[in-house]
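Read off the chains here:
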Amino acid sequence: MFTDVGLNHYLVVSGILFGLGLFALISRKNAILILMGIELILNACNINLIAFARYKANPIDGQVMAIFVIILAVCEAAIALAIIINIYKNFSTVDVDEVNTLRE
Amino acid sequence: MELIFKLSILILLLPLLSFVILIFFGKRIPRKGDWLANFLLFLNLALSFVVLALFLGEKKPLSFEFNWFTIGSFNISAGILIDSVSAIMLVVVNIVSSFVHLFSVKYMENDAKYSIYFAYLGLFTFSMLGIVLTNTILLMYVFWELVGLSSYLLIGFWYENKPPQEAAKKAFIVNRIGDVGFLTGIMILFFTLQTFNFSEIFNGVASGQLSGAWLTAAGILLFCGAVGKSAQFPLHVWLPDAMEGPTPVSALIHAATMVAAGVYMVSRIFIMLSADALTVIAYVGAVTAFISASIALTQNDIKRVLAYSTISQLGYMIMALGVGAMSYAMFHLVTHAFFKACLFLAAGSVIIGLHHVQDIREMGGLKKKMPLTYWTFLIATLALSGIPFTSGFLSKDSILSATMAFYHINGGVHIIIPVIAFLVAGMTAFYMFRLVIKTFLGEPRNTHAYEHCKESPVVMTLPLIVLSVLSFFAFYSLNPLDASGGWILSVMKTPESLLKGTQGLFSHIIEKIEYDEIVHHFHYTAMIISLIMAGTGILIAYLFYYWKKVNVGALVSRFKPVYNFLYNKWYFDELYGFAVVGLTLAVSRISKWFDNNIIDGIVNGSAYLTKKISGISGSFDKYFIDGLVNFCGFFVGAFGFIFKKFQTGKIQTYLTFLIIGIILLYLIFRTF
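*Asks:* So what exactly am I meant to see when it comes to the overall build of chain B here?
*Replies:* For chain B, the count of helices and strands is 27 helices and two strands. Overall, the C-alpha framework of chain B stretches about 145 × 65 × 55 Å when taken along its three principal axes. Restricting the contact set of chain B to residue pairs at least 6 apart, pairs at least 24 apart contribute 79%. Per element, the accessible surface of chain B, about 28700 Å² overall, is 70% carbon and sulfur. Here chain B carries 44 positive and 34 negative side-chain charges, and the mean point of each set is 12 Å from the other.

Laid out in structure tokens, this is it:
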């Protein structure tokens, strides 16, 4: 039955992942959780890239792009975590609603 | 331009120069500039003699004119006319004016406005010379008003006090009444003949362009101006009050300038006056002469007696013009100018001597203290009374014979004219000798003033001497009893009237030559009657006041109503006060009511209406326009209030909207 797995299944999984990521992005107050939402979105994107590459084009291209995305996500996570640590140092919190100095 | 015109213009402008210099720089010049005014005026006097000599060499009227200004296509010219009358008047005005200047040096000394006084005298002389010299009636009117102005300034010279203010205003306003007539007369001339020039006016009248009732009306209206200026009945009331001015000014006004202007003007237009106009003029003159002589009988102020005598003599001159004897009128004007100036200046000398006492009841016995003043005053009085060997006798006698001729020609009710003329001659002699006796003869009544009195200095007595010498016959005619052969009357002849047929004075009854013969025929009769009248007047005066044979007090109380009537000047001031002033006040009260209720009502109504309209437009502005503006603001505000909610500053909210937006866009564009 697993042989019946096609492109649509991947897309549904990636869509659910994207939706969860988006939900985390919107609903979470904690900056780390928001970062995790972003990671989910990026991974949903990776699934899409590999799935499209596997079924519609040259698979290597999609895998290369996915590796780029993973590297990008690592870099982004490193930078984002550095920022979050700095925010924490300044505000003693990582709640994004509390970090509103620019707004005022 | 001939020399005579150059000199005439110089004569006209020198007093003006004196005025301009003294009014602007008078206080900075040494002695406040009196020497300058005197120098200019005596220079003027010399020049006017030259002009007279030049004229006597030519013996024909000379005129010079230039285009003054142009209105549209109409040219208005100005110019100078020198004929026998103006040449002689020039000399008379300058003699009197220059000696008045000299006299004023002492009389006005220590006055705060010394230089301004001399400036005004210059302006006055300038204006009078303008009247004398001009050849257009328009320019004459201009100078006429200038005379009015300068007399106003001089009569009101001591304007710190109430009476001079009132007198100046009265003189000015009463003159204005006459001037309205004068101006209307000029308008009639202008609208019928389209010219202001005397010679062109006379041409027009001679050719019949202006005739009949209009001509008579024009003549009488022009004469109205003379009624005002020469103080004729019923506008004579200003002149006695003009005594409030400085005494030398009174001399100037009453002798040679202001009052002479009226007589001079009538003599200028004499040849175009119709018989009716002349009759009116004769009667106005006669009535004036009689009324003022009767008032003069009872007055106690030395200057007031002289003022009424001036009015009376002016009445004589106007009467002479009215009966057709223009040259006699002008002759009397000349002689009168000298002896009246002399009388006034002598009165000024007395007033200074007594330290400003003017009431003759306070005087008496001044002959011993002021011999020069007395003798000059006496000579002038004799001239005014018409005693032989004086100038006054010659001129008055001529006028009297002319009035008799007038009665002889016209007959009937016109006998009033000669009767009044002779009566006035007697009255004049009486009141003048009353003045002499009360002032100079008898015992001093106010011993305090008498003891401090002394003869005036030479600058005051010199003009008196010169003017009294000019009151002798020899300067006018070598025959002391008849002036008709003298130089002045042979130079200054009555011109023939322009009007032929029924309008002219002479031609409708007789020829001019015949008229002259009739006048001459009555000469001796007139002389005898006038001598009797004058002698009687003088005799009565001596009986009353010198020998005291008649108790004057008893006489006065017996005829109390008559005396009061005369003493109060026929109640003219009261009559005018009641009729004219009262009427004016009544009219002004009605006008005021009209103004307050009708005009102000209209004004207030329109203001109320404006207020209402502006109220409406204000509320429109407030509620509609402002509402619109406010609504815009409110709308934007409300819009902002709603959309402000979206701008939370929270990245997650934005993200939510972003996603909603993308979904919406997807839903919208899905179909494409």
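*Asks:* Mind showing me how you'd approach the overall build of chain A here?
*Replies:* A tally of helices and strands in chain A yields three helices and zero strands. When the helices and strands of chain A are read in sequence order from the N terminus, they spell out α-α-α. For a compact globule of 104 residues, the expected C-alpha radius of gyration is about 13 Å, and chain A comes in at 17 Å, more than 25% above that figure. Overall, the C-alpha framework of chain A stretches about 55 × 25 × 20 Å when taken along its three principal axes. Sequence-distant contacts in chain A: of pairs separated by 6 or more residues, those separated by 24 or more amount to 58%. Surface summary for chain A: the accessible area is close to 7200 Å², and the carbon and sulfur share equals 71%. Distance between charge centres in chain A, computed from 6 positive and 8 negative side chains, equals 3 Å.

*Asks:* Can you walk me through the interface of chain A and chain B in this structure?
*Replies:* Size of an interface, as often reported, equals the accessible area lost when the parts are brought together. On the side of chain B, seven residues touch chain A, which itself brings nine residues to the contact. Summed over both sides, the interface of chain A with chain B buries roughly 660 Å², with 58% coming from carbon and sulfur. Where chain A meets chain B, there are zero salt bridges. On inspection of chain A and its partner chain B, the count reaches two residue pairs in polar contact (both at pLDDT 80 or more). Tallying contributions element by element places helix α1 (residues 7–27) of chain A first for the side of chain A that touches chain B, with three residues.

*Asks:* Is there a simple way to explain unusual backbone geometry in this structure?
*Replies:* Of all residues except glycine, most have a negative phi; of all peptide bonds, most are trans. With an omega dihedral of 5°, the bond running from F233 of chain B to P234 of chain B counts as a cis peptide bond. Among the structural elements, P234 of chain B can be located in the loop between α8 (212–229) and α9 (238–241). Within the chain, S92 of chain A stands out as a residue other than glycine whose phi angle is a positive 60°. With respect to the helices and strands, S92 of chain A occurs in the segment after α3 (59–91). A positive phi angle is found at F389 of chain B, which is not glycine, with a value near 75°.

*Asks:* I tried to follow the environment of M108 of chain B on my own but got confused; where do I start?
*Replies:* Residues and elements named next belong to chain B. Mapping M108 onto the fold places it in the loop between α3 (84–107) and α4 (114–133). You can call M108 buried: its relative accessible area is 2%. Distance in space between the C-alpha atoms of M108 and K569 is 30 Å, their sequence separation being 461 residues. Sequence-distant contacts of M108, defined by excluding residues within four places in its chain, comprise Y114, Y117, F157, W158 and P246.

*Asks:* Teacher, can you tell me more about the pattern of salt bridges here?
*Replies:* Opposite charge on two side chains allows them to pair when their charged atoms are near. Residue and element names in this part refer to chain B. Under the criterion given, the structure shown has seven salt bridges over all chains. One salt bridge connects E166 with K162, and the closest N-O pair in it is separated by 3.5 Å. Of this pair, E166 and K162 both sit in helix α6 (residues 162–193), four residues apart, roughly one helical turn. E166 sits in the partly exposed class, given a relative accessible area of 38%. Residue R304 pairs with D241 through a salt bridge whose shortest N-O separation is 3.6 Å.

*Asks:* I tried to follow the pairing of strand β1 (residues 62–71) of chain B on my own but got confused; where do I start?
*Replies:* Two faces, one strand: in a regular strand the side chains alternate between the faces of the sheet. Residues and elements named next belong to chain B. Pairing of β1 with strand β2 (residues 74–82), which is carried by nine bridges, proceeds in the antiparallel orientation. Of the residues in β2, the one forming a bridge with N67 is S77. In this antiparallel pair of consecutive strands, β1 and β2, the connection spans two residues, and G72 shows a positive phi of 60°.

*Asks:* I tried to follow the packing of aromatic side chains on my own but got confused; where do I start?
*Replies:* Two aromatic rings are characterised by how far apart their centres lie and by the angle between their planes. Residue and element names in this part refer to chain B. Taken as a whole and judged by the stated rule, the model has 30 aromatic pairs over all chains. An aromatic cluster is built from Y114, Y117, F118, Y120, F157 and W158, whose rings are joined through pairwise contacts. Here K396 stacks its cationic end above the ring of Y316, 5.4 Å away from the centre of that ring.

*Asks:* Would you mind going over the confidence of the model for chain B with me for this structure?
*Replies:* Segments scoring low in pLDDT should not have their predicted coordinates read at a detailed level. Residues and elements named next belong to chain B. Per-residue confidence for chain B averages 83 on the pLDDT scale, and 98% of its residues sit at or above 70. Mean pLDDT values for the elements of chain B range from 71 in helix α19 (residues 447–451) up to 89 in helix α5 (residues 137–155). Across the whole predicted complex the pTM is 0.73, and at the interface the ipTM reaches 0.77.

*Asks:* Hey, could you run me through helix α7 (residues 198–206) of chain B in this one?
*Replies:* Note that an α-helix has 3.6 residues per turn; residues three or four places apart therefore point the same way. Within α7 of chain B, the full set of buried residues consists of F198, I201, F202, G204 and V205 of chain B. Buried residues of α7 of chain B, viewed axially, fall in a sector of 160°; they line one side.

*Asks:* I tried to follow the packing of α5 of chain B against α6 of chain B on my own but got confused; where do I start?
*Replies:* All names here are of chain B. Contact geometry for α5 and α6: axes closest at 9 Å, N-to-C directions at 175°. As summarised for this structure, α5 and α6 are arranged roughly antiparallel, according to the angle between their axes. On α6, the residues that touch I137, M140, Y141, W144, E145, G148, L149, Y152 and I155 of α5 are P164, A167, A168, K169, A171, F172, R176, D179, F182, L183, I186 and L189. Along the lines of polarity and charge, the residues of the contact of α5 with α6 split into 16 nonpolar, one polar and four charged.

*Asks:* Teacher, can you tell me more about helix α2 (residues 31–56) of chain A here?
*Replies:* Compared with the 38 Å implied by 1.5 Å per residue over 26 residues, the 37 Å span of α2 of chain A between its first and last C-alpha is a close match. The secondary structure elements touched by the buried residues of α2 of chain A are α1 and α3 of chain A together with α27 (651–669) of chain B. At the N-terminal boundary of α2 of chain A, the capping side chain belongs to N30 of chain A, with an oxygen 3.0 Å from the backbone nitrogen of I32 of chain A.

*Asks:* Help me understand the state of the cysteines in this model?
*Replies:* Across all of its chains, the model carries zero disulfides over all chains by this definition. Looking at C75 of chain A, it has no disulfide partner, and the nearest cysteine sulfur is the one in C45 of chain A, 16 Å off.

*Asks:* What should I look at first to understand the environment of V99 of chain A in this one?
*Replies:* Residue and element names in this part refer to chain A. Here V99 shows up in the segment after α3. Judged by relative accessible area, which is 29%, V99 ranks as partly exposed. Between the C-alpha atoms of V99 and I87, which are 12 residues apart in sequence, the distance is 8.0 Å. Contacts of V99, omitting those with residues within four sequence positions, involve I87 and F91.

*Asks:* Got a minute to help me understand the side chain of S18 of chain B in this structure?
*Replies:* Position of S18 of chain B among the secondary structure elements: in helix α1 (residues 3–25). In contact with S18 of chain B, not counting residues within four places along its chain, are A37, L40, F118 and G122 of chain B.

*Asks:* For this particular structure, what's the right way to read the nonpolar core?
*Replies:* Considering soluble globular proteins, one finds that nonpolar side chains tend to be buried as a cluster. Counting residues in each nonpolar core, the largest one holds 224 residues, and the members touching the most others are M89, I137, W238 and M272 of chain B. Residues within four places of W238 of chain B in sequence aside, it is in contact with I155, K170, A171, V174, N175, G228, K229, A231, I253, M258 and V259 of chain B. Core analysis: the next-biggest nonpolar cluster, separate from the first, contains six residues, L22, I34 and I41 of chain A together with I659 of chain B among them.

*Asks:* I'm lost on the packing of α8 of chain B against helix α12 (residues 275–296) of chain B in this one. Help?
*Replies:* Helix packing for two helices is described by the angle between their axes and how far apart those axes are. Residue and element names in this part refer to chain B. Two elements in contact, α8 and α12, have axes whose closest approach is 8 Å; the angle formed by their N-to-C orientations is 25°. Classed by the angle they form, the pair α8 and α12 counts as roughly parallel. Relative to α12, α8 is oriented so that their crossing is right-handed. Of the residues in α12, those in contact with T216, I220, F223 and V227 of α8 are D276, A277, V280, I281 and V284. The residue inventory of the contact of α8 with α12, partitioned by class, reads seven nonpolar, one polar and one charged.

Conventions and cut-offs
Residues numbered from 1 in each chain as written. Chains lettered and ligands numbered in written order. Predicted model: local features only at pLDDT ≥ 70, side-chain atom pairs only at ≥ 80, totals over all residues. Heavy atoms only, no water. Helix = DSSP H or I, 4+ residues; strand = E, 2+ residues; numbered from the N terminus. Contact = heavy atoms within 4.5 Å. Areas by Shrake-Rupley, 256 points an atom, 1.4 Å probe, with all protein chains shown as cover. Lys, Arg positive; Asp, Glu negative; His and termini not counted. Charge placed at Lys NZ, Arg CZ, Asp CG, Glu CD. Rg over C-alpha atoms; globule rule 2.2 N^0.38 Å. Buried area = accessible area lost by both parts, 1.4 Å probe. Salt bridge = Lys/Arg side-chain N within 4 Å of Asp/Glu carboxyl O. Polar contact = N/O pair within 3.5 Å; in protein donor to acceptor, adjacent residues only side chain to side chain. Buried < 20%, exposed > 50% of the residue type's maximum accessible area, 1.4 Å probe, protein only. Pairing = 2+ DSSP bridges. Phe/Tyr/Trp six-rings, centres within 6.5 Å; stacked < 30°, edge-to-face > 60°. Lys NZ or Arg CZ within 6 Å of the ring centre and 35° of its normal. pLDDT = per-residue confidence, 0-100. Arc of directions from axis to C-beta. Axes fitted to C-alpha atoms, helices over the stretch in contact; angles between N-to-C directions. Parallel < 35°, antiparallel > 145°, perpendicular 65-115°, else oblique. Nonpolar A, V, L, I, M, F, W, Y, C, P; charged D, E, K, R; others polar. Expected span 1.5 Å × (residues − 1). Disulfide = S-S within 2.5 Å. Core = buried A, V, L, I, M, F, W, Y, C linked by side-chain atoms within 4.5 Å. Left-handed = near helix turned anticlockwise from the far one by under 90°.

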